[in-house]
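One-letter residues, chain by chain:
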Amino acid sequence: MTATVAEPETTGLTGRLVHFYRPGVRHLAPITQLPVIGYLGFVAASGLCSAVDSQMLMISQPEELVKSVKLTSRERRFIKFASVEHGGQLYMTPQDFLESVVEQEPRPRLKRRILTVKEIEQLRDQTPPLKKGSPQMFRNMRDKGIISYTEYLFLLSILTKPASGFQIAFNMFDTDGNQRVDKNEFLVMEKIFSFAWKGKRGIGEEVNDGGKDKKGGGPQDTYVNDDQGLQRRHNVDTFLQVHFFGKKGTNDLKFEGFRQFMENLQTEVLELEFHEFSKGHETISEVDFAKILLRYTYLDTDEYDMYLDRLLDRVHDERGISFDEFKTFCQFLNNLEDFTIAMRMYTLADHPISKDEFHRAVKICTGIAQSQHLVSTVFAIFDADGDGLLSYKEFIAIMKDRLHRGFKSYAKNEGWEAFKTCVKQEMKSAV
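Residues numbered from 1 in each chain as written. Predicted model: local features only at pLDDT ≥ 70, side-chain atom pairs only at ≥ 80, totals over all residues. Heavy atoms only, no water.

Moving on, we get to helix H19 (residues 355-366). With twelve residues, H19 extends 16 Å from end C-alpha to end C-alpha; this agrees with the ideal 16 Å at 1.5 Å per step. Within H19 the residues assigned to the buried category are Phe-358, His-359, Ala-361, Val-362 and Cys-365. Buried residues along H19 cover an arc of 165° about the axis, so they all sit on one side. Seen from the open side of H19, the exposed residues pointing more than 90 degrees away from its buried face are Asp-356, Arg-360 and Ile-364. Elements in contact with the buried residues of H19: helix H16 (323-333), helix H17 (336-342), helix H20 (372-382) and helix H21 (392-403). In the segment just after H19, Gly-367 is the residue with positive phi, at about 80°. (Helix = DSSP H or I, 4+ residues; strand = E, 2+ residues; numbered from the N terminus. Expected span 1.5 Å × (residues − 1). Buried < 20%, exposed > 50% of the residue type's maximum accessible area, 1.4 Å probe, protein only. Arc of directions from axis to C-beta. Contact = heavy atoms within 4.5 Å.)

As structure tokens, this is what we get:
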């Protein structure tokens, strides 16, 4: 797919004018309308040219990213958005995490803030207990907390978990099966990351002076010191550890508290996205709903406009989409795999899907009925020929990009190839 063109947008998170290159939609401001920074500056700011010679663009890359040629897209994103550091390890704040989910670029900063031991202790004292969690907690905490890379992966996984998967996730932590998770069980995440990191780099188990493998000890005994600061051999109480297990780390996490935390985080991120478009109103327009669905896809200008034009031509009752409608649809997306199974008998028979069949399948998968207006809006976007039937394959492909927020397909359109594609698209449109 090629990069595409759209107007710069403002973000609802900070209110600043940012991102010629918006998250997900991957749209670029027309070159002829760019500010004084010039074309190369624009390409650098857009994030499209990560592989272009930084000297040519006269920009400097963060030291960690210079070393990160073999890092995954999630590792690179964490490094980019992590705004604090302690003991050589990088951490996100709650605000950093929210921005990493809905923004393409982090807030402008001169350098990372280096936290002292005293500041870490102050952050621990400011962390609310689990019983005081809410769907506004991350926004309320802002920079008053630290999140490690492995916790970042955990939080990302929560965003795509269906409600039916909450118990499975809890049981994975509950290694002794007593329906409670203690701090050491939770820290198994760090141990798994350590093994994975060593495996990627061909590093075997460390041995002691006697030549035997190290056994016993806490999870931090298996930590590694990596070049990018994703993990260090130290034990720091993070925001999630204190929130789940208390300031002394002696509380147990039960399933109900775990489930409520996951629900709150999903709701908070969805509220953030919804309010970016609602601008204080109770609803977003049908077109804004379509933009949210398309924001993590790679569509060229004509394809993107085709979806929006199709919607504008077909929706005559512009009543808007409420947050509850938006939330229930996103909950359905978290059950997308179940939906594809439910629809398999239709697709194997090459049978098109009607609104009634779609509505019934979604309710079976989620237990929640979608509103007739929302289903009609979805069909207005994804009914290719206007026969009232869903264009299933393109719907599923775009919904998967939406569900994974671009991580699954992000590598397909970055670096030098994306830079050349962008230039070709602009030259073509200028003719």
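Turning next to the pattern of salt bridges. Where charged atoms from two side chains of opposite charge approach closely, those side chains can pair. Considering all chains together, one arrives at 18 salt bridges under this definition. Here Arg-113 ties to Glu-119 by a salt bridge, and the two come within 3.1 Å at their closest N and O atoms. Judged by relative accessible area, which is 42%, Arg-113 ranks as partly exposed. Between Arg-139 and Glu-268 there is a salt bridge, and its shortest N-O distance comes to 3.1 Å. In this pair, Arg-139 sits in helix H7 (residues 137-141) while Glu-268 sits in helix H13 (residues 255-278), placing the two residues 129 residues apart along the sequence. For Glu-268, a relative accessible area of 1% gives the class buried. Bridged by salt links that share partners, the residues Glu-273, Glu-276, Arg-295, Arg-402 and Arg-405 form one connected network. (Salt bridge = Lys/Arg side-chain N within 4 Å of Asp/Glu carboxyl O.)

Before going further, it helps to examine the nonpolar core. Formed by 45 residues in total, the largest nonpolar core has its most connected members in Phe-289, Phe-329, Phe-339, Phe-358, Phe-382 and Phe-395. Elements with a minimum of two residues in this core: H13, helix H14 (286-294), helix H15 (301-314), H16, H17, H19, H20 and H21. If one sorts the elements of this core by residue count, H20 sits on top with seven residues. Ignoring any residue separated from it by four or fewer positions in sequence, one finds Phe-358 in contact with Phe-332, Phe-339, Ile-353, Val-375, Val-378, Phe-379, Leu-390 and Phe-395. By size, the runner-up hydrophobic cluster in this structure holds 41 residues, among which are Val-102, Leu-155, Leu-156 and Phe-244. (Core = buried A, V, L, I, M, F, W, Y, C linked by side-chain atoms within 4.5 Å.)

Here the focus is a negative patch on the surface. A grouping of Asp-302, Asp-305, Asp-309 and Asp-313 is seen on the molecular surface, where their side chains present a negatively charged patch. The topology assignment puts Asp-305 in helix H15. (Patch = residues over 30% accessible without salt bridge, like charges linked within 9 Å, V, L, I, M, F, W, Y side chains within 5 Å. Areas by Shrake-Rupley, 256 points an atom, 1.4 Å probe, with all protein chains shown as cover. Lys, Arg positive; Asp, Glu negative; His and termini not counted. Charge placed at Lys NZ, Arg CZ, Asp CG, Glu CD.)

Turning to the side chain of Arg-112, a few remarks are in order. Tracing the sequence through the fold places Arg-112 in the loop between helix H5 (94-102) and strand E7 (113-114). Here the side chain of Arg-112 touches Ile-79 through a polar contact of 2.6 Å, landing on its backbone oxygen. Of note is the side chain of Arg-112, whose polar atom sits 2.7 Å from the backbone oxygen of Ala-82. (Polar contact = N/O pair within 3.5 Å; in protein donor to acceptor, adjacent residues only side chain to side chain.)

Burial within H5 is extensive, with nine of its nine residues counted as buried. Taken as a whole, H5 has its buried residues at Pro-94, Gln-95, Asp-96, Phe-97, Leu-98, Glu-99, Ser-100, Val-101 and Val-102. Summarising the contacts, the buried residues of H5 are in contact with helix H4 (73-81), strand E6 (89-91), H7, helix H8 (149-159), helix H12 (239-245) and H13.

Before going further, it helps to examine the UniProt feature "domain: EF-hand" (unreviewed entry) in the chain. UniProt records the feature "domain: EF-hand" (unreviewed entry) for residues 161-196 and 370-405 in the present numbering. Helix and strand shares over residues 370-405 are 64% and 0% respectively, and the end C-alpha atoms of the span are 22 Å apart. (UniProt positions renumbered as here; feature names shortened; annotations may be inferred.)

This paragraph deals with the packing of aromatic side chains. Each pair of aromatic rings is reported with the distance of its centres and the angle of its planes. The full count for this structure, using the stated rule, is 33 aromatic pairs. With 6.2 Å between their ring centres and 75° between their planes, Phe-173 and Phe-258 make a pair best called edge-to-face. Of the two residues, Phe-173 sits in helix H9 (residues 166-173) while Phe-258 sits in helix H13, which places them 85 residues apart along the sequence. For the pair Phe-173 and Phe-258, one class covers both residues: buried. Judged by centre distance (6.5 Å) and plane angle (50°), the ring pair of Phe-323 and Phe-326 falls under tilted. A residue pair is termed a helical-turn pair when its members lie 3 or 4 positions apart in one helix, as Phe-323 and Phe-326 do in helix H16 at three residues. By the burial criterion, Phe-323 is buried, and Phe-326 matches it. (Phe/Tyr/Trp six-rings, centres within 6.5 Å; stacked < 30°, edge-to-face > 60°.)

Summarising the element assignment, Thr-93 is placed in the loop between E6 and H5. Thr-93 sits in the buried class, given a relative accessible area of 1%. Discounting chain neighbours no more than four positions away, the residues touching Thr-93 are Ser-83, Val-84, Arg-107, Arg-142, Asp-143, Gly-145 and Ile-147.

So, about the sheet that holds strand E5 (residues 84-86). Taken in spatial order, the three strands line up as E6-E5-E7 in an open sheet, and their pairing is mixed. Strand pairing shows two members of the sheet lacking a second neighbour, E6 and E7, which therefore form its edges. In the sheet, E5 pairs with E6 via three bridges, with the strands oriented antiparallel. By the bridge assignment for E6, Val-84 is matched with Tyr-91. (Pairing = 2+ DSSP bridges.)

This next bit is on unusual backbone geometry. In the Ramachandran plot, Arg-142 falls in the positive-phi region, its phi being about 50° despite a non-glycine side chain. Here Arg-142 lies in the loop between H7 and H8. Positive phi, normally seen in glycine, also occurs at Gln-179, with a value near 65°. Within the secondary structure, Gln-179 is located in the loop between H9 and strand E8 (180-181). The exposure class assigned to Gln-179 is partly exposed, which follows from its relative accessible area of 44%.

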